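Descriptive analysis of the structure
Listed here are the chains, written in short residue letters.
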There are 2 protein chains.
Amino acid sequence: MSNAKPLPLLDSTADGVVPCCPPLNERPITAEEAETAARMFKALGDPVRLRLFSAVAAHEGGEACVCDISDVGVSQPTVSHHLKKLKEAGLLTSERRGTWVYYRVEPSVLAAMGRLLTTTAPTARAAAV
Amino acid sequence: MSNAKPLPLLDSTADGVVPCCPPLNERPITAEEAETAARMFKALGDPVRLRLFSAVAAHEGGEACVCDISDVGVSQPTVSHHLKKLKEAGLLTSERRGTWVYYRVEPSVLAAMGRLLTTTAPTARAAAV
DNA sequence: TGCGTATTTCGACATTCGTCGATGTGCTGT
DNA sequence: ACAGCACATCGACGAATGTCGAAATACGCA
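Residues numbered from 1 in each chain as written. Chains lettered and ligands numbered in written order. Predicted model: local features only at pLDDT ≥ 70, side-chain atom pairs only at ≥ 80, totals over all residues. Heavy atoms only, no water.

As named in an unreviewed UniProt entry, chain A is Metalloregulator ArsR/SmtB family transcription factor, taken from Streptomyces levis.

Here it is, written out as structure tokens:
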């Protein structure tokens, strides 16, 4: 039905992808930035989704079909539901290849989230910890 | 009343803190690890909490009293509620100093989350992308 | 001691979320 | 054409979440 809903969390401005936000400790993020970033964190804020995401990310070739990662202790519809959520959050992309559907991680989004959590030049005092 | 509920997300084994988990793409994380890590991501999965966390992290000296960061568009009890959630998740610590309560980020937890999102040596085939 | 300010706790409420079984859709092979 | 497998969608349900106003607690100060 084509409701793919890419929902680009990173404003794909021109060059492709954009880091969304500076590190969290660099300056207080705005309400708008928070809305965007929170959606990414929320997507990883469920144990089942986190396992599915990790399973895809760690799978050989950086991609995996649903059948390869369905063993997470919940029903098949639930797996499908979570994969959809991850896709809507922009963390995964999917592609049908014959009978199977393959998911792979969106590397730029992963990098953007990592950057958010990067501790940049501390306020000097932080180093004393 | 003392129900501080530290809830150490990082198993403070011996040396103080422990990275909780390897990068998500290194190997599929276990159900147990996912439970722990998801709690951290979930804590940042709300826009208001993310703004509060960022406000504390970016504040001068790495700490801030509630009054300094309460301007996020929700009521003051709600701010307190979210700060409590962040504290329970191990992302923030609090300390009362006179009239005010100061919050500061737990740097090791931030680092642990960053490590989770770090893209380590791809499975070799991933480089072909 | 008593007042005012700062922060937390306490219900209460509507909304969202995770889960399931049943059903639908897409593709393959016979 | 049809049966079978892989995956997605639908509808329903209880549980968790975010929010608020009201009240409680903690401190500093007059």
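**Digging into the protein's contact with DNA strand D**
As a structural note, the neighbourhood of DNA strand D is formed by 27 residues, with S80 and Y103 of chain A together with S75, T78 and H82 of chain B the closest of them. The sugar-phosphate share of atoms of DNA strand D within 4 Å of the protein amounts to 78%. Contacts to DNA strand D include S80 of chain A, whose side-chain N or O atom sits 2.8 Å from a phosphate oxygen. At the level of secondary structure, the elements contributing two or more residues to the surface near DNA strand D comprise α3 (66–69), α4 (76–88) and β3 (100–105) of chain A together with α2 (47–58) and α4 (76–88) of chain B. (Near = heavy atom within 4 Å. Polar contact = N/O pair within 3.5 Å; in protein donor to acceptor, adjacent residues only side chain to side chain. Helix = DSSP H or I, 4+ residues; strand = E, 2+ residues; numbered from the N terminus.)

**Let's talk about the relation of the copies chain A and chain B**
If you rotate chain A by 180° and push it 0.0 Å along the axis, it lands on chain B with an RMSD of 0.0 Å. With respect to symmetry, the two chain copies, as superposed, fit the operation of a two-fold axis. (Least-squares fit on C-alpha atoms with pLDDT ≥ 70 in both.)

**Structural notes on the protein's contact with DNA strand C**
The full set close to DNA strand C counts 26 residues, and S75 and H82 of chain A together with Q76, S80 and Y103 of chain B are the nearest of them. Near the protein, within 4 Å, the atoms of DNA strand C are sugar or phosphate in 75% of cases. Contacts to DNA strand C include K85 of chain A, whose side-chain N or O atom sits 3.3 Å from a phosphate oxygen. Within the contact set of DNA strand C, a phosphate oxygen lies 2.6 Å away from a side-chain nitrogen or oxygen of Y103 of chain B. Those elements that provide at least two residues to the surface near DNA strand C are α2 (47–58) and α4 of chain A together with α3 (66–69), α4 and β3 (100–105) of chain B. With five residues, α4 of chain A is the largest single contributor of residues to the surface near DNA strand C. Class assignment of the residues belonging to the surface near DNA strand C gives a composition of 10 nonpolar, 10 polar and six charged. (Nonpolar A, V, L, I, M, F, W, Y, C, P; charged D, E, K, R; others polar.)

**Focus: the packing of aromatic side chains**
For the coordinates displayed, the defined rule picks out one aromatic pair over all chains. Taking the centre distance of 6.1 Å and the plane angle of 20° together, the rings of F41 of chain A and F41 of chain B count as stacked. Of the two residues, F41 of chain A is situated in helix α1 (residues 31–43) and F41 of chain B in helix α1 (residues 31–43); the pairing between them involves two chains. The same class applies to F41 of chain A and to F41 of chain B, which are both buried. Taking the ring centre of Y102 of chain A as reference, the NZ or CZ of R97 of chain A above it sits at 4.3 Å. (Phe/Tyr/Trp six-rings, centres within 6.5 Å; stacked < 30°, edge-to-face > 60°. Buried < 20%, exposed > 50% of the residue type's maximum accessible area, 1.4 Å probe, protein only. Lys NZ or Arg CZ within 6 Å of the ring centre and 35° of its normal.)

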